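Structure assessment
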Amino acid sequence: MAARLVLIDQSYTDHWSWRQSDVAAIARNFGENSFHFAYPQIDWAGDARGYVGTEFPVLPFLAAICYKIAGIHEWIGRSQAVIFFAVSLPFFFLLVRESFGSTAAIWAAFFYSFAPLNVFAGRSFMPDVPSLSLALIGLYFFLRWLENERPIFLVGGAIAISLALLVKLPTAVIGAPLLFLVWQKWGWNFLKRPGPWFFAAITVLPSLAWYWHAHQIAERFYPHHVFGEGGIRIENFGWYWNIMRLTATSSLTPVLAIMAIIGLLVAPRGKYAWLFHWWLAAMVLFIIAVGYGNRHPWYQLPLVPIAAAFAGAACAFFRSKISSRIVVMTLSILLASSFAILAYLYVRPFYRSSAAALRDAGMELRKTTAPGSLIIAADSGDPTIFYYAERKGWHFLEEGGIYDGNPSDSPQAIADLEQLRGRGATHFVFSADTFWWLDYYPEFAQHLTENATLIDATPQFRIYKLRPAAK
C-alpha cells in the first residue's frame, strides 16, 4: 500500500492521463448535476449534455460523494484502487495456496504486490484494479462454496463477480477458471445443478441490464459513445509481439516473466492446479480477439496475478529441490532484490508527465474564461484540458463529437472550426504537441488569425478567443 501512496496526489498528467481525466470528469459532473447515477457525463460533447455509455460508474459516484466532504482532490479517486488492492491481496494468497501450496503463495503475493503494472494501476483513478480485485474475491468464495456448499459463499462470490463485471466488462475472462472449477467437480452434470445457475444469474443479469442501458444512453445522446467500443479487432503479428514484449518487461519485469514461464512448466498438478492455466488461456484468447483494445496496457492487468501464481509455483519447485538452507536464503535474496530493482526501474516511466501542458492550459482557461465558455482543443484527444479547465468543449478535429485525428488539409480544419463556432465555441486552445499545425496548415492559421484573437501564449499552450460566428 505504501508503494501505491507515492505521488497519490499527482495531477492527471501521466501516460494514462486521458482515461483518468475522463473518470474524474464523470465524478465532478455527478457532484455538479444532482448525482444522476445512471447518466455519466463527460466534458468533450460541447454544447450537448455529454451523457455516454460507460461501465457501472460506482467509482466516480463514490468519489463525487467524497468531493462534497473533502473537496476535489486527485488522491480521493486514486485511493479507491489502493483500498481494493489491499482487500484483494489475502484472497489472492489463499487462491494460490489452494492451488500450489504455501511457499508458492508467499512468493506469488510478493510478485503480485510489486509488479510494475499492478503498482501503477493500483493507484490510478480507473476501474481496472477494483474489478480485478473483486474477481479474485469472487473466485475464492466460489471455490469455498464448491468445497462445503455453504450458501453464504455462493452468494458472496456471485455478488463479487457481478460487481467485477459491472465495473469492468473484460473481467468476464474470469469465467474460464470458474468453468474449470464446476467442470472438475461435476463434469456435464453441473448443468443439472441449481447452484451454478443461481450463481450465473446473479453474476450475469445485472451486467446485461446495465450495459443495455449504457447502449441506450449512447443511442440517445450526443456524442453517441460507449467506452471501450471498437476494441474487438484482430491485428497483425507485429502488434501482438509488441504487446508481449511490453508485458514481459515494463508490465511484469523480465524476472517475473521468466519465473512465470518456468512455473507454467513445473507447477504441481494438484486439485486446483489448472485454475490458473484456464485463466491464462482465456486471457490469451482475449488479447488476440480484442487486439486493438489491448493497445492499452491496463487490459493485460489480469496477467499479473496469473504470472505471479506461476512464478510462485516455480519458487516452490526450486525450494523443494534444494536442501541447503543457506543456498535457499541466498537465492531468495537474489531473486527478491533483482525483481524489486527491476520493478522500481520499470515503474518509474509510468509516472512521467506527458500531459502537463494540457493541465496548464486547462488551469489557465479556468482563470481567463467565463463559466459556460465552450472550448475547442487541439489536444490529440486527451480530455485533460477540459477537466482542469472545468469547461465543456470539443476535441479538434472531431467527428460526431469523437476525436478524429489530424486534419488532412487546411479546408478540412477550417470547415470543422466553422461548424463548432456555429455551435457556440468561444475559445480555441493549442497544446505544445499541436503547435506545428500553425505552420503545416497555413490557410487554416490565416483563417484563425482573421477570426480569433490570441489572448495567451506560453511554450506549453496558446489560447485564442474566437469571434462570434456570423448569423
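Refer to the structure printed above.
Residues numbered from 1 in each chain as written. Predicted model: local features only at pLDDT ≥ 70, side-chain atom pairs only at ≥ 80, totals over all residues. Heavy atoms only, no water.

**Observations regarding the packing of helix α6 (residues 128-148) against helix α8 (residues 175-186)**
Between two packed helices, what matters for the description is the angle formed by their axes and the separation of those axes. As a reminder of what qualifies: For helices, the fitted line uses only the C-alpha atoms of the stretch in contact; every axis is such a line through C-alpha atoms, and the angle between N-to-C directions lies from 0 to 180 degrees. Helix and strand assignments come from DSSP, with helices taken as H or I runs of at least 4 residues and strands as E runs of at least 2, each series counted from the N terminus. Angular relationships are summarised with four words: roughly parallel below 35 degrees, roughly antiparallel beyond 145, roughly perpendicular across 65 to 115, and oblique for the angles in between. Contacts are assigned to residue pairs with any non-hydrogen atoms lying within 4.5 Å of each other. Each residue is assigned to one class: nonpolar for Ala, Val, Leu, Ile, Met, Phe, Trp, Tyr, Cys and Pro, charged for Asp, Glu, Lys and Arg, and polar for all the others, Gly among them.
One can describe the packing of α6 onto α8 by two numbers: an axis separation of 10 Å at closest approach and a directional angle of 5 degrees. Between α6 and α8, the angle is such that the two are roughly parallel. Residue-level inspection shows Leu 139, Phe 142, Leu 143, Trp 145 and Leu 146 of α6 in contact with α8, the latter providing Pro 177, Leu 178, Leu 181, Val 182, Lys 185 and Trp 186. Per-class residue counts for the contact of α6 with α8 are 10 nonpolar, no polar and one charged.

**Remarks on the sheet that holds strand β5 (residues 427-431)**
Selection criterion: Two strands qualify as a pair provided that DSSP identifies no fewer than 2 bridges between them.
Read across the open sheet, the five strands follow the order β2-β1-β5-β7-β6; overall the sheet is mixed. Pairing within the sheet leaves two strands with one partner each, and these edge strands are β2 (392-395) and β6 (452-457). Sheet twist, expressed as the mean angle between neighbouring strand axes with direction ignored, is 25 degrees. Pairing of strand β1 (residues 374-378) with β2, which is carried by four bridges, proceeds in the parallel orientation. Residue Ile 376 lies in a different strand from β2, and its bridge partner there is Trp 394.

**As for the pattern of salt bridges**
Side chains bearing opposite charge may pair, as long as their charged atoms lie close to each other. The test is simple: Salt bridge, as applied in this entry: a Lys or Arg side-chain nitrogen positioned within 4 Å of an Asp or Glu carboxyl oxygen. Only protein chains enter the accessibility calculation, which uses a 1.4 Å probe; a residue is then buried when its area is under 20% of its type maximum, exposed when over 50%, and partly exposed in between.
According to the stated counting rule, one finds 17 salt bridges in the structure shown. For Arg 28, the salt bridge is made with Glu 32, and the minimal N-O distance between the two is 3.7 Å. Residue Arg 28 and its partner Glu 32 are located together in helix α1 (residues 17-32), separated by four residues, close to a single helical turn. A residue is classified by how much of its surface remains accessible, and Arg 28, at 4% relative accessible area, is buried. Residue Glu 147 pairs with Arg 144 through a salt bridge whose shortest N-O separation is 1.8 Å. Highlighted residues: Glu 147 and Arg 144, both in helix α6, separated by three residues, approximately one helical turn. With relative accessibility at 36%, the residue Glu 147 sits in the partly exposed group. If you follow the salt bridges from partner to partner, you end up with Arg 19, Glu 55, Asp 128 and Lys 168 in one network.

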